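Survey of secondary and tertiary structure
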Amino acid sequence: MDHYDSQQTNDYMQPEEDWDRDLLLDPAWEKQQRKTFTAWCNSHLRKAGTQIENIEEDFRDGLKLMLLLEVISGERLAKPERGKMRVHKISNVNKALDFIASKGVKLVSIGAEEIVDGNVKMTLGMIWTIILRFAIQDISVEETSAKEGLLLWCQRKTAPYKNVNIQNFHISWKDGLGFCALIHRHRPELIDYGKLRKDDPLTNLNTAFDVAEKYLDIPKMLDAEDIVGTARPDEKAIMTYVSSFYHAFSGAQKAETAANRICKVLAVNQENEQLMEDYEKLASDLLEWIRRTIPWLENRAPENTMHAMQQKLEDFRDYRRLHKPPKVQEKCQLEINFNTLQTKLRLSNRPAFMPSEGRMVSDINNAWGCLEQAEKGYEEWLLNEIRRLERLDHLAEKFRQKASIHEAWTDGKEAMLRQKDYETATLSEIKALLKKHEAFESDLAAHQDRVEQIAAIAQELNELDYYDSPSVNARCQKICDQWDNLGALTQKRREALERTEKLLETIDQLYLEYAKRAAPFNNWMEGAMEDLQDTFIVHTIEEIQVRQLVPRRDQALTEEHARQQHNERLRKQFGAQANVIGPWIQTKMEEIGRISIEMHGTLEDQLNHLRQYEKSIVNYKPKIDQLEGDHQLIQEALIFDNKHTNYTMEHIRVGWEQLLTTIARTINEVENQILTRDAKGISQEQMNEFRASFNHFDRDHSGTLGPEEFKACLISLGYDIGNDPQKKTGMMDTDDFRACLISMGYNMGEAEFARIMSIVDPNRLGVVTFQAFIDFMSRETADTDTADQVMASFKILAGDKNYITVDELRRELPPDQAEYCIARMAPYTGPDAVPGALDYMSFSTALYGESDL
């Protein structure tokens, strides 16, 4: 039997959870449900020669309930109890409920006791659950199922009818036109739809109900008066009745299947055409941007000032930060779109896409290379120009600095040299003035080099065409003129000082004799004072310091002991937590790994389990934060070792980050597996088989397969890897493994396996992930449409004619896809052609590139 996953179960239980509220909102719904559900049950029970009159009474002993389930499922239930006691009835009802649960339906708040006691709400809820599971769940239309599938089926069937707009299973059906449209669409001879009026709902409803009962064997499950008289008819009653139409017309599913196939093929074609248009536009826009940008990057017109060049550099930075990054993304997206489009075309048996002239990916890469070459040259030129101007600015600034320093040094020097202070000076003052003058002469000589440097810099600025050379030259000339004047004044002052020196030498000699005689007395006085001070200082200060050091040392030792005790407490506190958190992280990593490779339940079950783990991991974060706080205290205390744990904070951090990454990656892997499964139509059984084979050969539980393991896995699934001389060559990893396979009777060609490895491991990492594995398996086993299949589908819609009419296309296909066909189909020119006939055969072959569309 089919296995139904938890998501489907949730979909079916949603209406059941709303059951009590529905009845409380509108008691009229209970009446509608009683009638509808009773009629639905009788439509099946009559096949077993029985029926029910009162839905809450006739199911109390469980016998007819078990019979109903046997009829609609085609399976035998456990033998019922024939006793009349309450315990026998409860046993029978429980057998029925257990059977319902075995079909993947979780019954919420519905127990055997309530059914045996005749609880009408619970009984109606149970019957609704049965209807959902056995009459509605398996409805599938264009990748939608159950309620949505049934609604889409109604919308598709009633789309060509005026005044019919099916949006739900309540008010959309009140005027009765929806029921009449369904009947007319499949059996137009039964109802004259053109005579129906939207303002006469009773007639419409009774017409539909009577015709359905008489000609379609659908019992009358609804009362027209109840539907018209209720503001919002009961959704469950309407769904139950409409589902009977769906199953009654299941014989007409051949045409619908054909239409669905065509719609699917056209949808793929329309999507591919849109991708082609998007590629062409994006490629055109990108190439145009490159064409406009390259001349700007090739412009090498220099600027005279650093400010202007810096503005150019800022413009270039804006280009790199703001303008180019989006274009890099566009180029990357363009390549992704191109590869995705080619993959979709290949998987749908379409010819490869060839962009228009000059817009191939290679053309864009070549243009992009030219752009980057121009960009590189432009950047080099900018930097060279900036370095050149920087050199000029540096020289100019150096000139200004040296000139300013020289000018500051010369400031006041001319006035100083013109002074006649030597005329009233003593001999010693004269000698001092001479010494000072000699120092000035030395300083003046030293400044000669600076003046020469200033002149040299000015000369270099002139040679480099510095824009402000005139002001530089004027300043340099002023400095040179002043320098010559200072030299003349210096020589004149020296001559005056030397004349005055000779006159005052005698007086200076007398002062020197006096100083020599006073020196012994001064030395004696200084020695006496030193002796008096030494005795007092040494003895008093040392004794005081020794007495103070002993208690200070004791206090320091006490404080250090307390600090070490505190540090040990911090070590133990951190160690205790780390010894819990570290193993917890490791355990979670192992559990996540087991969930991702084990096959407990459906992929949705695994996903839910993983998300629960993710929640528990996130909730564990405060413990990590607390450990971080303890670690901070340890660092502040300058503790560098901890004998109480082998875990460091870095170990914990790395483990925590890996745990978060692993759970997120694993969840993403399962989500991708679900997408692949749904997109490729892989059954849960196939997925389990793939996983079992993958796990069997993943002996190190790494989540990946090496080349040898992968090859063995393929063989276990019955994949014949044979020689193909037209495919690329490769090589196997070990001769022993090949010999083993050959001995088992497998034809293991190197070329074929090399081809497969290029698909599953395009980056040549030497491993195959499970996602790559199922992608490959689904691609190798995917059932894709062909031109012949599409042609056959059109032939069904055309009633086996070799052409199809516009009216037939508009009647059988959604409006946008019908118009898509009409716009592209050529007129039919065969011998049986009629006006307006279209050639669906050439159109079908054109879809797959076998002719021009």
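Residues numbered from 1 in each chain as written. Predicted model: local features only at pLDDT ≥ 70, side-chain atom pairs only at ≥ 80, totals over all residues. Heavy atoms only, no water.

1. Regarding the overall build of the chain
For the chain, the count of helices and strands is 32 helices and 7 strands. Buried residues in the chain amount to 42% of all 853 residues. Residue pairs in contact within the chain that sit at least 24 positions apart in sequence constitute 72% of those at least 6 positions apart. Accessible surface for the chain amounts to roughly 47,300 Å². Of this, 51% is attributable to carbon and sulfur atoms. (Helix = DSSP H or I, 4+ residues; strand = E, 2+ residues; numbered from the N terminus. Buried < 20%, exposed > 50% of the residue type's maximum accessible area, 1.4 Å probe, protein only. Contact = heavy atoms within 4.5 Å. Areas by Shrake-Rupley, 256 points an atom, 1.4 Å probe, with all protein chains shown as cover.)

2. So, the side chain of Asn-204
Following the sequence through the fold, Asn-204 ends up in helix 11 (residues 201-215). Residues in contact with Asn-204, not counting those within four places in the same chain, are Asp-175, Gly-176, Leu-177, Cys-180, Leu-196, Arg-197 and Lys-198.

3. As for the pattern of salt bridges
Pairing is possible between side chains that carry opposite charge, provided their charged atoms lie close to one another. Scanning the model with the defined rule gives 38 salt bridges in all. Its salt-bridge partner being Glu-75, residue Lys-103 comes within 2.6 Å of it at the nearest N-O pair. Of the two residues, Lys-103 sits in the loop between helix 6 (86-102) and helix 7 (112-116) while Glu-75 sits in the loop between helix 5 (63-73) and helix 6, which places them 28 residues apart along the sequence. Given a relative accessible area of 4%, Lys-103 falls into the buried group. For Glu-75, a relative accessible area of 22% corresponds to the partly exposed category. Residues Arg-291 and Glu-288 are paired through a salt bridge, measuring 2.4 Å at the closest nitrogen-oxygen approach. Of this pair, Arg-291 and Glu-288 both sit in helix 14 (residues 253-298), 3 residues apart, roughly one helical turn. Put simply, Glu-438, Glu-441, Arg-494 and Glu-498 are held in one network by salt bridges that share partners. (Salt bridge = Lys/Arg side-chain N within 4 Å of Asp/Glu carboxyl O.)

4. Re the packing of helix 9 (residues 146-158) against helix 10 (residues 177-186)
Packing of helix 9 against helix 10 brings their axes to within 9 Å, and their N-to-C directions diverge by 70°. The angle between helix 9 and helix 10 falls in the class roughly perpendicular. Read as a crossing pair, helix 9 and helix 10 show a hand that is left-handed. The segment helix 9 lies against helix 10, with Trp-153, Cys-154, Arg-156, Lys-157 and Thr-158 engaging Gly-178, Ala-181, Leu-182, Arg-185 and His-186. Looking at the contact of helix 9 with helix 10 residue by residue, the class counts come to 4 nonpolar, 3 polar and 3 charged. (Axes fitted to C-alpha atoms, helices over the stretch in contact; angles between N-to-C directions. Parallel < 35°, antiparallel > 145°, perpendicular 65-115°, else oblique. Left-handed = near helix turned anticlockwise from the far one by under 90°. Nonpolar A, V, L, I, M, F, W, Y, C, P; charged D, E, K, R; others polar.)

5. Some remarks on the environment of Leu-607
Relative to the elements of secondary structure, Leu-607 occurs in helix 21 (residues 603-619). The class of Leu-607 is buried, set by a relative accessible area of 8%. For Leu-607 and Ile-667, which are 60 residues apart along the polypeptide, the C-alpha to C-alpha distance reads 6.3 Å. Ignoring anything within four residues of it in the chain, the contact list for Leu-607 reads Ile-667, Val-670, Glu-671 and Ile-674.

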